[in-house]
Amino acid sequence: MKIKYICPLITVQDIEKSRKFYEEVLNQDVELDHGANVSFKGGFAIHDAEHYQELLRESPTTNTACEKNFMELYFESDDLDGIHEKLESTDTKFVHRIREQPWGQRVMRFYDPDGYIIEVGEPLEFVVKRFAAQGFSTEEISERSSMPVEFVEMVLEVKK
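Throughout, a residue's number is its position along its own chain's written sequence, starting from 1. In view of the model being predicted, local features appear only for residues whose pLDDT reaches at least 70, and side-chain atom pairs are presented and counted only at 80 or more, with totals across whole chains, interfaces and linings using the full set of residues. Hydrogens and water are ignored here; the side-chain numbers use all heavy atoms of the structure.

A.B. asks: For the overall build of the chain, give the residues involved together with the corresponding values.
C.D. replies: In this description a helix means any DSSP run of H or I spanning at least four residues, a strand means any run of E spanning at least two, and both kinds are numbered starting from the N terminus. Looking only at helices and strands, one finds 6 helices and 8 strands in the chain. Each helix and strand of the chain, ordered N terminal to C terminal, gives the series β-α-β-β-β-α-β-α-β-β-β-α-α-α. Taking 15 Å as the expected radius of gyration for a compact globule of 160 residues, we find that the chain reaches 19 Å, considerably beyond that expectation. The buried label goes to any residue with under 20% of its type's maximum accessible area, the exposed label to any with over 50%, and the partly exposed label to all in between, with areas taken from a 1.4 Å probe on protein chains only. For the chain, buried positions account for 40% of its 160 residues. In this analysis, two residues are considered to be in contact whenever any of their non-hydrogen atoms come within 4.5 Å of each other. Of all intrachain contacts in the chain linking residues separated by at least 6 positions in sequence, the fraction that spans at least 24 positions is 50%. Of the roughly 10000 Å² that the chain leaves accessible, carbon and sulfur atoms contribute 50%. Positive charges are assigned to Lys and Arg, negative charges to Asp and Glu, while His and the chain termini are left out of the count. To locate a charge, the coordinates of NZ of Lys, CZ of Arg, CG of Asp or CD of Glu are taken. Within the chain, the 32 negative side-chain charges are centred at a point lying 1 Å from the centre of the 19 positive side-chain charges. Only C-alpha atoms enter the radius of gyration, while the globule expectation follows 2.2 Å times N to the 0.38, with N the number of residues. Residue-level accessible areas treat just the shown protein chains as cover; the underlying method is Shrake-Rupley with a 1.4 Å probe.

A.B. asks: So what about the packing of aromatic side chains? Which residues, and what values?
C.D. replies: Two rings belonging to Phe, Tyr or Trp (six-membered ring only in the last case) form a pair when the distance between their centres is within 6.5 Å. Interplanar angles under 30 degrees mark stacking, angles over 60 mark edge-to-face geometry, and anything in between is tilted. Taken as a whole, this structure holds 8 aromatic pairs when the rule is applied. Taking 5.8 Å as the distance between ring centres and 50° as the angle between the ring planes, the aromatic pair formed by Tyr22 and Phe40 counts as tilted. Taken together, the residues span a long stretch of sequence, with Tyr22 in helix H1 (residues 15–25) and Phe40 in strand S3 (residues 37–40) at a distance of 18 residues. For the pair shown, Tyr22 and Phe40 are each scored as buried. Each member of the aromatic cluster is reached from another via a ring pair, and the members are Phe21, Tyr22, Phe40, Phe44, Phe75, Phe94 and Phe110.

A.B. asks: Outline the side chain of Ser18, listing residues and values.
C.D. replies: Mapping Ser18 onto the fold places it in helix H1. Given a relative accessible area of 1%, Ser18 falls into the buried group.

A.B. asks: Can you explain the pattern of salt bridges? Please cite residues and give values.
C.D. replies: A carboxyl oxygen of Asp or Glu within 4 Å of a side-chain nitrogen of Lys or Arg is what we treat as a salt bridge. Counted by the stated rule, this structure contains 9 salt bridges. Across the pair Arg144 and Glu100 runs a salt bridge, and its minimum N-O distance is 2.8 Å. With Arg144 in helix H5 (residues 138–145) and Glu100 in strand S6 (residues 94–100), the pair connects residues that are 44 residues apart, well separated along the chain. Taking the relative accessible area as the measure of exposure, Glu100 reaches 42% and is therefore partly exposed.

Here's what the structure looks like:
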């Protein structure tokens, strides 16, 4: 019997506040709205914590109000600086602002309204193009970014 993975689901204290954050701040589109459960086209869902706890009534030790910094949701954006500016204007609490990771990708991490860590990074293709613009060879880009040479060549449309 095969089991099909669907998506991560996170519990939230205020479904409307969280929905607004994901729609208006992170520009996510709702795929399905079931009231207490909202699925986004990006492949994740939010679920009202109180409703979720009711579904777990046989498991009273489950605590949906615990700290959420043990996982993160990862997104990418072509406009990392624009997203950063938008977050700065919304009282967002940052884990860290934009910085470069060891493989060259620029990312930032911050908390959603329920304390989940959200990471937004630039697409890996941007890393390849930035390194190429700095004069790195295909092999140097691959080594510096830990991306396969084939990926680097595809991004740079290297003809063989």
